[in-house]
Amino acid sequence: MESNGSVRPSRPQVEDPRVTVVVVSRNRRDELLRSLGHHRAPVVLVDNGSTDGSAEAVRRAYPDVEVVELGRNLGAAARTVGVGRARTPMVAFADDDSWWTPGSLRAAADALAGAPRVGLVTVEVRVGESQEVDPFTRDLAASPLRAPGRSLPGLRVLGFMGCAAMVRRSAFLAAGGFDDVVRFPGEEERLAWDLSAAGWDLVYLDGPVVRHFPSPRRDGADDRRRGIARARVLTATMRLPWRRVAARVAAELRAGPGPRRGVLDAAQDLRAALPRREVLPRHVLADLDTLAAVPAPQGAGAGGR
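A short tour of the structure in this document, coming up. Nothing here was measured: the structure is a model prediction, and the numbers come from that model.

## What to know about the nonpolar core
Generally speaking, nonpolar side chains in soluble globular proteins are found buried as a group. Within the largest apolar cluster, 65 residues are counted, with the highest numbers of intra-cluster contacts made by Phe93 and Met166. The next biggest cluster of nonpolar side chains, apart from the first, holds 11 residues, and it includes Leu145, Trp193, Leu240 and Leu288.

Set out below in structure tokens:
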């Protein structure tokens, strides 16, 4: 009980000692305080320069949560800071408006523990009170990628949603984590490609579920399309052969005013992207060709496929 007589919220018991949950937030104090009570693991909260008192409110309400204040907005790269602070072999990501349902952290950790070459598992996301399945995770569940000669705990994929992924900490850090060029949104694609390039499998795991209650403090649809286009161009610049970069830029320019603005946004960050350019190996490019041969799924864009 706090000094003013109010009852301090409690968090559930740790579900699996192999897992830490990393949450990144910026100026969503109310959503953050609601969601933190659902996490069944130690939590590292990385605050991206909030000005609404989020960090102090969390310290008061949840003193067991490790709070890291960055003082500025690093976007998705703040998750990399959080993973660096974790001391468990596996790290699950959650947004300030999402959480893993009971049993899901353990199931994902078991999948990683049982498959030493799997670097990341991603799971189903159900949105809002209706629990409608997020279209992007439905697309992942239909992945055409195969894994000849090896047994995996789920379907092999080449993408994920940031709020619904668990990583092998060592693999994530070796791949560089989320970068400060793409930032957010669309940060997942480059990491997915780099994990695969390093020989790690990414798997969609059927069964575990993440609940997502999208915050009203979100970019509108047009701004999000603009941000995704920016991410796609920068990621392509860092990892694809030039002819594929040109094709991706052309596609975004044809996609409408929002994506066209995103291309212009990307152009302003090319100086940061170009020094990190390293073209993907042949096997990852072949996977991208396999995915490109399948009709564009309804949820594609944010996190690869």
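## A look at helix α9 (residues 242-254)
Count 3.6 residues to each turn of an α-helix, and residues three or four apart come out pointing the same way. When the terminal C-alpha atoms of α9 are compared, their 18 Å separation across 13 residues agrees well with the 18 Å that a helix rising 1.5 Å per residue should span. Among the residues of α9, Arg244, Val245, Arg248 and Glu252 are the ones counted as buried. Looking straight down α9, one finds that the buried residues subtend no more than 105 degrees of arc, so they occupy a single side. In α9, the exposed positions that point more than 90 degrees away from the buried face belong to Arg243 and Arg254. Turning to α9, the residues buried within the fold contact α7 (188-197), α8 (221-239), α10 (257-267) and α12 (282-292).

## Quick look at the pairing of strand β10 (residues 201-212)
Look at any regular strand and the pattern is simple: side chains alternate between the two faces of the sheet. Across the 12 residues that make up β10, a large majority, 10, are buried. Two elements, strand β5 (residues 98-100) and β10, share three bridges in a ladder whose sense is antiparallel. From the neighbouring strand, Ser98 faces β10, where its bridge partner is His212. Relative to β10, strand β6 (residues 118-127) runs parallel, the two sharing nine bridges. Residue Val123 lies in a different strand from β10, and its bridge partner there is Leu205. Note that strand β8 (residues 155-157) and β10 share three bridges and pair antiparallel. Counterpart to Arg156 in the pairing with β10 is Val203.

Rules and cut-offs
Residues numbered from 1 in each chain as written. Predicted model: local features only at pLDDT ≥ 70, side-chain atom pairs only at ≥ 80, totals over all residues. Heavy atoms only, no water. Core = buried A, V, L, I, M, F, W, Y, C linked by side-chain atoms within 4.5 Å. Buried < 20%, exposed > 50% of the residue type's maximum accessible area, 1.4 Å probe, protein only. Helix = DSSP H or I, 4+ residues; strand = E, 2+ residues; numbered from the N terminus. Expected span 1.5 Å × (residues − 1). Arc of directions from axis to C-beta. Contact = heavy atoms within 4.5 Å. Pairing = 2+ DSSP bridges.

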